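Below are the chains, spelled out letter by letter.
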Amino acid sequence: MANPVTPAKATRQTTVRKPARRIRGWDNRMAFFTLIPSLILLGVFVYGFIAWSGYVSLTNWNSLIPTLTWAGLRNYATIFSSFRFQSDLRNLVVFTVLFIAGDLVIGMILALLVDQKIRAEGLFRSIFIYPMAISMVVTGVIWSWILNPTTGINLFFHALGFTHVPEWFLSSRFAPSVHLGQIDIGIPVGLLAVVIAAVWQMSGFAMAVYLGGLRSVPEELKEAARIDGAGPWRTFWSVILPQLKGTTATIVVIQAAASLKVFGLIYAMTGSGQDFSTDMPNLNMFQTTFQGDAFAQGAAIAIVLLLLMAAFTVPYVLSMLRGER
Amino acid sequence: MTIRKRAAVALTSVLALGTLAACGSTSTPTQSSSSPTSSNTQLQIFSWWTGVASSKALKSLIGVFNQQYPHVKVVNEAVAGGAGSNAKAVLASRMEANNPPGTFQVHAGRGTLLSWIAAGDMAPLNSLYQKEGWYQDFPQSLLNMLKVNGKIYAVPVDMQRDNVLWYNPSIFKKYNLTPPTTFSQFFADASVLKAHGITPLALANHGNWETTLLYSDVLLGTVGPTQYDKILTGKASWNSAGVTKATQTFLKMMQYTNSDAGALHWQQADQLVAQGQAAMNVQGDWAQGYFTTDLHLTPGTGFGWAPTPGTKGTFAMVSDVFGLPSKLKNQTATLNFLKVLGSEKGQDTFNPLKGTFSPRLDANKSLYDAYSQSAMASFKKDTLVLTIGQGGANPGFTQAFENAMVTLISSKNVPSFISAVQSAAQANPLSK
């Protein structure tokens, strides 16, 4: 992902340098004017509404009557002290880590398999990417059927003679289970079922990006490694993988953003689950805002999510900008 | 560079189109409001009726309306999904933007309807009731659920019941059991059924509201309608012996349910009953439509019904009602629609198709099937109460209650559940 940018940048520089100075000045002004509409739209519909949400989260607007009196950080105190939101944050961290790890590993394996100069490569690529074309809600419904403990894949396990079958997303266990205040810290076992569904859907994306990365590793490097006597495993680990650092970073940031926003999958597949073991801040935000009419508390959840998202994306964007300069 | 320029041009044209479209859509209602009798008068009807039966029923009601008012163009603005929660979200944003639909679906009682009234978004309909003679046509106890300080804010179109125990008659016959009327009978039946490998009580809980409905019925059956109403209106405390006992009974009932409730939607729980894998299910009488229309069962032989234990003589009601948004510019079309909605003809057309019954006292019984006829009879003589999550309490409390329910089912901790519900009642006061 990082490498293909370079040639494009090079050509852009040459085209910019060609025209005379006067024309360039006009060009810049033209560029500025044509950007104005999108700047206004972004300003109003993205940043304006973020600011509005931030303001609402500091008010007492917790019913259908818009009470915009100052509440300070009271809504934040309410959500952070609630069992549900604490569980949400735990679930979000666990889900994000497992989802990204699963995506990277499976995406890489698939990319390596497809990269073996096989026949009908396009077919396999399409098959692996295909789940991405399905909406998250559909994925959720399908996997809730597959992983339903009494009627789903467990029927196969029973037929094979297993007596201890997984409870999938209905499990209320934690592994490990450490009490911290009101909640259990650990991996909610029920959440693993959701991770499986999410990885199934999104690992094709990681494969596609990795495949691009693999293809842009210079042939000479691999050749040099071969001449130095490195086996295929050693070549991959010490030569190819380091070249894919930028690619990995891209996947991590994009998938982290997707993971923080996960809603449809949870809503369709499990709901908030046993004791909120599969609940997510987004689901909580939706229900708090639109079922409970607690707009200020919902806005507070949204702002917390925004800050979490920024923690991932801002460093990435900054490093991209630095790289471009 | 060229690509950028092209993109900018494309964006500008999109913007221009968008502005044009916006102008177009705003100009239409202005036109219609200035000349209500002109042919392009519009009426937006907002609901979550997108299912097969309910959308058909709505269409036929609109048909009756258009026979009487052929010049009004009715726009069906139904929003699908989430048992109305998606529609409520869309409605909230439209009301907030001072762009209310002509009229909208809401449950009678102290839920969202009361919130809209408190927010000043509803206009009273007393004169319409006077003119149409509706004060005599509907039961007083129902109209009380639509009133604040003597002003009445909505017109009921249908009636449904929440405290129904559905059962499989052949299972009950086979083991020589009778549908339980008390909790001790319920547990006696349940242990017999469990011994024979049949799930006594089918439960669905994918949406979290299903267990809340069951709990409401258990509370109602334990403390009786008077005390139940006091608790739900903030006149009696949640921290009481009755609530504790009901919560314990509820948890005991959970031991007799299927283990995959969290994965099931309510239809799937009723399917377990229909197929004989489970014996009973507590669900609103929308389940009846599922039994007859989807599963083609005959009322009485294919499936049976009884009031949930301890609730004989009480009718836990859910009624869809429609009102007049106060910020609406052209009110004539809405008032005319409400007139049809509350009329005998409108209700007799709408309800048999939807699988509900008309709450009018003069409703035509012969239009309905055996179940609905028995429900109509109970409705006329029983005490009416509301259910949490179906109009029984304000949305903030309901949300907090459902959250507490999730934790109760896992932790089985009765005192912490009661204190959670109590603090929810403090944060979202239940009294009007």
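Cut-offs applied
- Residues numbered from 1 in each chain as written.
- Chains lettered and ligands numbered in written order.
- Predicted model: local features only at pLDDT ≥ 70, side-chain atom pairs only at ≥ 80, totals over all residues.
- Heavy atoms only, no water.
- Helix = DSSP H or I, 4+ residues; strand = E, 2+ residues; numbered from the N terminus.
- Rg over C-alpha atoms; globule rule 2.2 N^0.38 Å.
- Buried < 20%, exposed > 50% of the residue type's maximum accessible area, 1.4 Å probe, protein only.
- Contact = heavy atoms within 4.5 Å.
- Areas by Shrake-Rupley, 256 points an atom, 1.4 Å probe, with all protein chains shown as cover.
- Lys, Arg positive; Asp, Glu negative; His and termini not counted.
- Charge placed at Lys NZ, Arg CZ, Asp CG, Glu CD.
- Phe/Tyr/Trp six-rings, centres within 6.5 Å; stacked < 30°, edge-to-face > 60°.
- Buried area = accessible area lost by both parts, 1.4 Å probe.
- Salt bridge = Lys/Arg side-chain N within 4 Å of Asp/Glu carboxyl O.
- Pairing = 2+ DSSP bridges.
- Axes fitted to C-alpha atoms, helices over the stretch in contact; angles between N-to-C directions.
- Domains from an automatic or database assignment.
- pLDDT = per-residue confidence, 0-100.
- Core = buried A, V, L, I, M, F, W, Y, C linked by side-chain atoms within 4.5 Å.

Colleague: I'd love a proper account of the overall build of chain B, names of residues and values included.
Modeller: If you tally the helices and strands in chain B, you get 18 helices and 15 strands. Its C-alpha radius of gyration of 24 Å places chain B within 12% of the 22 Å reference for a compact globule of 432 residues. Counting only C-alpha atoms, chain B reaches 70 × 65 × 45 Å along its principal axes. Looking at chain B as a whole, 56% of its 432 residues qualify as buried. Taking the intrachain contacts of chain B between residues at least 6 apart in sequence as the baseline, contacts between residues at least 24 apart amount to 75%. Entry remark: accessible area of chain B is about 17,300 Å², with carbon and sulfur atoms responsible for 55%. Distance between charge centroids for chain B: 5 Å, based on 32 positive and 22 negative side chains.

Colleague: How would you summarise the packing of aromatic side chains if you had to cite specific residues and measurements?
Modeller: Tallied over the entire structure, the rule returns 47 aromatic pairs over all chains. Taking the centre distance of 5.8 Å and the plane angle of 50 degrees together, the rings of A:Phe286 and A:Phe290 count as tilted. Within this pair, A:Phe286 and its partner A:Phe290 are both found in helix 13 (residues 281-291), separated by four residues, close to a single helical turn. Judged by its relative accessible area of 25%, A:Phe290 falls in the partly exposed class. On the numbers, 5.1 Å between centres and 85 degrees between planes, the contact of B:Trp305 with B:Tyr371 is edge-to-face. Remark: B:Tyr371 occurs in helix 16 (residues 370-381) and B:Trp305 occurs in strand 12 (residues 304-307); sequence separation between them is 66 residues. For B:Trp305, a relative accessible area of 23% translates into the label partly exposed.

Colleague: Explain unusual backbone geometry to me, and be specific about the residues and the numbers.
Modeller: All names here are of chain A. A cis geometry characterises the amide bond from Ala175 onward to Pro176, with omega recorded as -10 degrees. Summarising the element assignment, Pro176 is placed in strand 1 (residues 174-180). Notably, Lys117 is not glycine yet its phi reads approximately 55 degrees, a positive angle. Relative to the assigned elements, Lys117 resides in the loop between helix 4 (83-114) and helix 5 (121-129).

Colleague: An account of the interface of chain A and chain B is requested, with residue identities and associated values reported.
Modeller: On the chain B side, the residues contacting the 34 residues of chain A number 33 residues. Carbon and sulfur atoms supply 60% of the area that chain A and chain B bury against each other, a total of about 2,700 Å² over both sides. By the criterion of area lost to chain B, the three top residues of chain A are A:Leu64, A:Phe290 and A:Gln291, representing 19% of everything that side buries. Where chain A meets chain B, there are zero salt bridges. Among the elements of the structure, helix 2 (21-56), helix 4, helix 12 (264-269) and helix 13 of chain A are those that each provide at least two residues to the side of chain A that touches chain B. Tallying contributions element by element places helix 2 of chain A first for the side of chain A that touches chain B, with five residues.

Colleague: A description of the sheet that holds strand 9 (residues 164-167) of chain B should follow, citing residues and the corresponding values.
Modeller: Residues and elements named next belong to chain B. The sheet built from four strands is open, its strands ordered 10-11-9-12 with mixed pairing. The open sheet is flanked by strand 10 (199-202) and strand 12, the only strands paired with a single partner. Averaged over all pairs of adjacent strands, the angle between strand axes in this sheet comes to 25 degrees, irrespective of strand direction. Sheet topology note: the strand 10/strand 11 (residues 278-283) ladder contains three bridges and is parallel. Pairing of Leu201 across the sheet is with Met280, part of strand 11. Along the sheet, helix 12 (residues 266-274) contacts strand 9, strand 10 and strand 11; its crossing angle with strand 11, the most-contacted strand, is approximately 145 degrees.

Colleague: Quick rundown of the domain arrangement of chain B? Include the residues and the values.
Modeller: All names here are of chain B. Domain annotation for chain B reports domain 1 (3-160 + 320-368) and domain 2 (161-316 + 388-427). If you average the C-alpha positions of domain 1 and of domain 2, the two centres end up 31 Å apart. Contact residues are listed per partner, giving 11 residues for domain 1 and 16 residues for domain 2. Contact with domain 2 buries surface across domain 1, with His107, Arg110 and Gln160 losing the most and accounting together for 61% of the total. Counting across the interface, domain 1 meets domain 2 through one salt bridge.

Colleague: Explain the sheet that holds strand 15 (residues 383-385) of chain B to me, and be specific about the residues and the numbers.
Modeller: Residue and element names in this part refer to chain B. In spatial order, the strands read 8-13-15; together these three strands make up an open sheet with mixed pairing. Edge positions in the open sheet fall to strand 8 (160-161) and strand 15, since each of these has one partner strand only. Pairing of strand 13 (residues 314-318) with strand 15, which is carried by three bridges, proceeds in the parallel orientation. If you follow Ala316 over to strand 15, its bridge partner there is Val385.

Colleague: Would you mind going over the environment of B:Ala375 in detail, with residue names and values included?
Modeller: With respect to the element layout, B:Ala375 can be found in helix 16. What B:Ala375 contacts, discounting residues up to four positions off in sequence, is B:Phe315 and B:Phe357.

Colleague: Describe the side chain of B:Thr314, and please don't skip the residues or the numbers.
Modeller: Note that B:Thr314 resides in strand 13. Contact partners of B:Thr314, with chain neighbours within four places excluded, come to B:Arg161, B:Asn163, B:Leu220, B:Pro225, B:Asp382, B:Thr383 and B:Val385.

Colleague: Break down the confidence of the model for chain A for me, citing the residues and quoting the values.
Modeller: All names here are of chain A. With 92% of its residues at a pLDDT of 70 or more, chain A shows a mean pLDDT of 88. For chain A, the element scoring lowest by mean pLDDT is helix 1 (residues 5-17), at 46; helix 3 (residues 74-81) scores highest, at 96. Low confidence marks residues 1-16, where pLDDT is under 50. Its contacts with residues over four positions away, or in another chain, come to eight contacts.

Colleague: Which residues make up the pattern of salt bridges, and what are the values?
Modeller: Note that side chains of opposite charge can pair when their charged atoms are close. Scanning the model with the defined rule gives 13 salt bridges over all chains in all. The salt bridge partner of B:Asp382 is B:Arg161, with a shortest N-O separation of 3.5 Å. One end of the pair, B:Asp382, is in the loop between helix 16 and strand 15; the other, B:Arg161, is in strand 8, and 221 residues separate them in sequence. Taken together, the shared-partner salt bridges in this structure form one network comprising A:Asp115, A:Glu121, A:Arg125 and A:Arg215.

Colleague: An account of the environment of A:Leu318 is needed here, citing residue identities and associated values.
Modeller: Structurally, the position occupied by A:Leu318 is in helix 14 (residues 295-324). Relative accessible area serves as the criterion here: at 43%, A:Leu318 is assigned to the partly exposed category.

Colleague: With reference to specific residues and values, describe the nonpolar core.
Modeller: Core analysis: the biggest nonpolar cluster contains 137 residues, and B:Trp238, B:Phe250 and B:Phe397 have the highest contact counts within it. For this core, the element with the highest residue contribution is helix 10 (residues 209-232) of chain B, accounting for 11 residues. Inspection of this core shows a minimum of three residues originating in each of domain 1 (3-160 + 320-368) and domain 2 (161-316 + 388-427) of chain B. Judged by nonpolar contacts, the second largest core, of 45 residues, contains A:Ile100, A:Ala111, A:Val114 and A:Ala197.

Colleague: Got a sec to walk through the confidence of the model for chain B? Specific residues and values, please.
Modeller: Residues and elements named next belong to chain B. Summarising the model, chain B shows a mean pLDDT of 89, and 90% of its residues fall at 70 or more. Overall, residues 1-38 carries pLDDT values under 50, and its contacts beyond four positions in sequence, including any with other chains, amount to 19 contacts. Interface confidence for the predicted complex, expressed as ipTM, amounts to 0.84; the pTM equals 0.86.

Colleague: A description of the environment of B:Gly207 should follow, citing residues and the corresponding values.
Modeller: Tracing the backbone shows B:Gly207 in the loop between strand 10 and helix 10. Distance from B:Gly207 to B:Leu264, taken between C-alpha atoms, is 8.7 Å for residues 57 residues apart in sequence.

Colleague: Before we move on, can you summarise the pairing of strand 14 (residues 320-325) of chain B with the specific residues and values?
Modeller: All names here are of chain B. Of all the six residues making up strand 14, six are buried; the element is thus mostly covered by neighbouring parts of the structure. Pairing geometry for strand 4 (residues 122-123) and strand 14, over two bridges, is antiparallel. Looking across to strand 14, one finds that Met122 is bridged to Pro325.

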